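# Working through the structure, step by step
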Amino acid sequence: MNITDLIIKDKEHIPLEEVFLEDSARSEVEQLIKEHYYLDELKSYGLPVNNKVLLHGDSGCGKTTTAKAIAAALGKPLLILNVSNIVNARIGETSQNIRMLFDKAARDKAVLFLDEFDQIGVMRSTDDKDVGEMRRLVNSLIQLIDYFSENALLICATNHIDMLDTALVRRFQLRLSFRNPDASVLDNYYDSLLAVFPDRLRSITRRYGVSFAEAKDYALTIIKANVIAELECRQVIGEQHSQTS
């Protein structure tokens, strides 16, 4: 398989300031970015730089957005694993393909983002043969992570950390948990979403107890419906005016 088939092209630039994170998570992400900014100075002291990050928790709460923002903050290219092509390959091919991605990330000094990381771990487990092959894949991943270049950054994301092999989880120096935001955080998020629209479109009934992604989809759907309603109203008024003139 060609390495271009393994990567999802995504050039979206997301400033870290626009990512909604809990204070503790933001502090850890900012520390991570500073470590890579001062990488050579820290290495001169014999200090290791964290470059293996696991993002885990609820869906739609900012794991992918955070990975993109970290890459943007570091000015590094972002390589995103194409999970669908990986899971359709045989186990042996999967190990080889993932190795190719790790090697490319090291060469390019890139951020390698493996989303839905649990899918690699639970891909095949229906019989003894597949269990053995899965074990070999996990062993291969452990080796790749252990020897991952300090000049690159590995970020993995999962909604199901409990499905990951514990030996894999231990390899990540930084593990950040994501959960549905509380009402005050969601209010701030709604405010930022609505700020770009005219005042007449900003008044919506807000939903709570949802993820950032769900809140965004909901708010934009309401705004689109209101815009369409305005356009249709203008169209009707225009038709009525043309009929009476």
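Here the residue numbering is sequential within each chain, running from 1 through the sequence in written order. Restriction of local features to residues with pLDDT of at least 70 applies here, the model being predicted, together with a cutoff of 80 or more for giving and counting side-chain atom pairs; totals for whole chains, interfaces and linings are based on all residues. Only heavy atoms go into the side-chain values, all of them from the structure, while hydrogens and water stay out.

### Some remarks on the pairing of strand S5 (residues 153-158)
Spelled out, the test is: Buried residues are those whose accessible area, probed at 1.4 Å on protein chains only, stays under 20% of the maximum for their type, while exposed residues exceed 50% and partly exposed ones sit between those limits. Strands here mean DSSP runs of E at least two residues long; helices mean DSSP runs of H or I at least four residues long; both are numbered from the N terminus. Any two strands between which DSSP finds at least two bridges are classified as paired.
Counting buried positions along S5 gives 6 out of 6 residues, so the element sits mostly inside the fold. Where burial is concerned, the two faces of S5 agree: the one with Leu 153, Ile 155 and Ala 157 and the one with Leu 154, Cys 156 and Thr 158 are both buried. Alignment of strand S2 (residues 52-57) against S5, held across 5 bridges, turns out to be parallel. The residue of S5 that forms the bridge with His 56 is Thr 158.

### A closer look at the nonpolar core
Basically, it comes down to this: Residues enter a nonpolar core if they are buried and are Ala, Val, Leu, Ile, Met, Phe, Trp, Tyr or Cys, with the set joined through side-chain atoms within 4.5 Å. Pairs of residues are marked as contacts when any of their non-hydrogen atoms sit within 4.5 Å.
Counting 33 residues, the largest nonpolar core has Ile 98, Phe 102, Leu 112, Leu 114, Phe 117 and Leu 154 as the members making the most contacts within it. For this core, the secondary-structure elements that each account for two or more residues are strand S3 (78-81), helix H4 (83-87), helix H5 (91-108), strand S4 (111-114), helix H7 (128-146), S5 and helix H8 (166-170). The element that contributes the greatest number of residues to this core is H7, accounting for 7 residues. When neighbours within four sequence positions are excluded, Phe 102 is seen to be in contact with Leu 112, Leu 114, Leu 144, Ile 145, Phe 148 and Leu 154. Membership of the second largest hydrophobic core comes to 26 residues, among which are Val 53, Ala 69, Leu 74 and Leu 78.

### Considering helix H9 (residues 183-194)
As a reminder of what qualifies: One fewer than the residue count of a helix, multiplied by 1.5 Å, yields its expected span. Throughout, the arc means the angular range of directions from the helix axis out to the C-beta atoms.
Its 12 residues place the ends of H9 16 Å apart at the C-alpha level, agreeing with the 16 Å of an ideal helix rising 1.5 Å per residue. Buried within H9 are the following residues: Leu 186, Tyr 189, Tyr 190, Leu 193 and Leu 194. Down the axis of H9, the buried side of the element spans an arc of 125 degrees, and every buried residue falls inside it. Looking at the buried positions of H9, the neighbouring elements they touch are helix H10 (212-244).

### Focus on the packing of H9 against H10
What counts, and what does not: Each axis is a line fitted through C-alpha atoms, and for a helix only the stretch in contact is used; angles between axes span 0 to 180 degrees, taken between their N-to-C directions. Here is the rule for angles: anything less than 35 degrees is roughly parallel, anything more than 145 is roughly antiparallel, 65 through 115 is roughly perpendicular, and the remaining ranges are oblique. Rotating anticlockwise by less than a right angle from the far helix to the near helix defines a left-handed crossing, while the corresponding clockwise rotation defines a right-handed one. Three categories are distinguished: nonpolar for Ala, Val, Leu, Ile, Met, Phe, Trp, Tyr, Cys and Pro, charged for Asp, Glu, Lys and Arg, and polar for the others, with Gly belonging to the last.
Across the interface, H9 lies against H10 with an axial gap of 11 Å and an inter-helix angle of 40 degrees. By the angle class used here, H9 and H10 are oblique. In terms of crossing hand, the pair formed by H9 and H10 is right-handed. Counted together, Val 185, Leu 186, Tyr 189, Tyr 190, Leu 193 and Leu 194 of H9 and Phe 212, Ala 215, Lys 216, Tyr 218, Ala 219 and Ile 223 of H10 form the full contact between these two elements. Each residue belonging to the contact of H9 with H10 can be placed in one class, and the counts come to 11 nonpolar, no polar and 1 charged.

### Observations concerning the environment of Glu 150
Within the secondary structure layout, Glu 150 lies in the loop between H7 and S5. If near-sequence neighbours (up to four positions away) are discounted, Glu 150 is found in contact with His 36, Leu 39, Lys 43, Pro 48, Val 49 and Asn 51.

### With respect to the sheet that holds S5
On the basis of which strands lie adjacent, the open sheet formed by 6 strands has the order S1-S3-S4-S5-S2-S6 and mixed pairing. At either end of the open sheet lies a strand with only one pairing partner, and these are strand S1 (7-8) and strand S6 (174-178). The sheet strands contacting helix H3 (residues 63-74) are S2, S3, S4, S5 and S6, and the helix crosses S5 at an angle near 170 degrees.

### A word on the packing of aromatic side chains
To keep things clear, this is the line we draw: In summary, the pairing rule links any two rings of Phe, Tyr or Trp, Trp by its six-membered ring, whose centres are within 6.5 Å, and it sorts them by plane angle into stacked for under 30 degrees, edge-to-face for over 60 and tilted for everything else.
According to the stated counting rule, one finds 7 aromatic pairs in the structure shown. Aromatic pair Phe 117 and Phe 172: ring centres 6.0 Å apart, planes at 85 degrees, arrangement edge-to-face. Separated by 55 residues along the polypeptide, Phe 117 in the loop between S4 and helix H6 (118-121) and Phe 172 in the loop between H8 and S6 bring together distant segments of the chain. What makes Phe 117 buried here is its relative accessible area of 2%.

### A closer look at the pattern of salt bridges
Heads up, the rule is: Any Lys or Arg side-chain nitrogen located within 4 Å of an Asp or Glu carboxyl oxygen qualifies as a salt bridge.
Scanning the model with the defined rule gives 11 salt bridges in all. Among the ionic pairs, Asp 146 bridges to Arg 171, the shortest N-O distance being 3.0 Å. Taken together, the residues Asp 146 in helix H7 and Arg 171 in the loop between H8 and S6 connect sequence positions 25 residues apart. According to the relative accessible area criterion, Arg 171 is partly exposed, its value standing at 26%. One salt bridge connects Arg 202 with Asp 199, and the closest N-O pair in it is separated by 3.2 Å.

### Some remarks on the environment of Arg 234
Its location among the elements puts Arg 234 in helix H10. For the pair Arg 234 and Asn 188, spaced 46 residues apart in sequence, the C-alpha separation works out to 33 Å.

### Remarks on the side chain of Asn 82
Looking at the element boundaries, Asn 82 is found in the loop between S3 and H4. Under the relative-accessibility criterion, Asn 82 is labelled buried at 15%. Those residues in contact with Asn 82 that lie beyond four places of it in its chain are Asp 5, Leu 6, Ile 7 and Ile 8.

Just distances and angles here, no functional claims.
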